[in-house]
Amino acid sequence: MPTPHIGAQKGEIADKILLPGDPLRAKFIAENFFENPVQFNNVRGMLGFTGTYKGERVSVMGTGMGMPSISIYANELISEYGVKKLIRVGTAGSINPDVHIRDLVIAQAAATTSAIIRNDFPSFDLPMISDFDLLDKAFHIAKDLKLNAHVGNVLSSDLFYGGPNGVELGKIGVMAIEMEAAALFYLGMKHHVQTLAIMTISDHLLTGEATTSAERELTFTDMMKVGLETLIAE
Ligand code: HPA
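What this report covers is the structure whose coordinates are included nearby. (Residues numbered from 1 in each chain as written. Predicted model: local features only at pLDDT ≥ 70, side-chain atom pairs only at ≥ 80, totals over all residues. Heavy atoms only, no water.)

Let us look at the pattern of salt bridges. Under the definition given, this model contains 10 salt bridges. Between E80 and K10 there is a salt bridge; the shortest N-O distance is 3.9 Å. Here E80 is found in the loop between α2 (67-79) and β5 (85-94), whereas its partner K10 is found in the segment before β1 (16-20), with 70 residues between them in sequence. The partly exposed category is assigned to K10, whose relative accessible area is 48%. (Salt bridge = Lys/Arg side-chain N within 4 Å of Asp/Glu carboxyl O. Helix = DSSP H or I, 4+ residues; strand = E, 2+ residues; numbered from the N terminus. Buried < 20%, exposed > 50% of the residue type's maximum accessible area, 1.4 Å probe, protein only.)

Here you go:
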């Protein structure tokens, strides 16, 4: 049965999925990395595909931008389609002098400005952490590929424009700002499934450097490879 936001039948989505924010990046990943990709979703243009990568069944689907959007898709993927490993691949803005444009950030944890966790656990400042097994695998895969990969804390912000000044957190070692990881990690913790977020630095909030949108859509292939290799690693 399709869900309100995903038009797939049960069984059409693999139990391992890569989650880019941009649905066109999902299409790019399916077309360039999957053997025999089959599209399973087009509701709201949020393209999703299932195929195989090195013979292992995997899926990829866009999530849209922000924690409300990724929460809708991740909830349905976990609760209705039985997905067990979910890896976000996306972009982030560096707030740290040691984290450079085009570097990879593999999020160990995500602070957030969102109320999504506070709604459920108002008495606790609960850290949102990724799955250690996926984190460990992704880090070693990135190192084996000789990529500049950092592991640490990110900030998942509700706002791209305005809001609390997240750049302040760079001073205590937070690496980058993005908009989805904390919600994904929370759902992983809540539903006992494995989640991770791997980001390429697309812009630097301290230096003003930026990549183009064409580069963001098409060329962040190292991150996609690390995500896929992590999904299928034993
Ligand atoms: N803020 C939030 N999300 C982002 C940014 C940013 O500066 N860059 C890429 N994703």
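A word on the packing of α2 against helix α4 (residues 181-191). Their axes nearest at 9 Å, the elements α2 and α4 cross at an angle of 30°. One finds that α2 runs roughly parallel with respect to α4. For α2 against α4, the interelement crossing comes out right-handed. Contact residues: M67, I70, S71, A74, N75, I78 and S79 in α2; A182, A183, L184, L187 and H191 in α4. Looking at side-chain class alone, the contact of α2 with α4 contains 8 nonpolar, 4 polar and no charged residues. (Axes fitted to C-alpha atoms, helices over the stretch in contact; angles between N-to-C directions. Parallel < 35°, antiparallel > 145°, perpendicular 65-115°, else oblique. Left-handed = near helix turned anticlockwise from the far one by under 90°. Contact = heavy atoms within 4.5 Å. Nonpolar A, V, L, I, M, F, W, Y, C, P; charged D, E, K, R; others polar.)

With that settled, the discussion passes to the site of the ligand. In the region of the ligand, the neighbouring residues are T91, A92, G93, F160, I177, E178, M179, S202, D203 and L205. Interatomic distance of 3.2 Å between a backbone N/O atom of G93 and a nitrogen atom of the ligand. At 3.0 Å from a nitrogen atom of the ligand is found a side-chain nitrogen or oxygen belonging to D203. The fraction of the free accessible surface of the ligand (260 Å²) that becomes covered by protein chains is 89%. For the shell around the ligand, the elements supplying multiple residues, two or more each, are β5, β9 (176-178) and β10 (194-204). The leading source of residues in the shell around the ligand is β5, at 3 residues. Considered class by class, the residues forming the shell around the ligand number 5 nonpolar, 3 polar and 2 charged. (Near = heavy atom within 4 Å. Polar contact = N/O pair within 3.5 Å; in protein donor to acceptor, adjacent residues only side chain to side chain. Areas by Shrake-Rupley, 256 points an atom, 1.4 Å probe, with all protein chains shown as cover.)

From the geometry alone we can't say anything about function, so treat these as descriptive.
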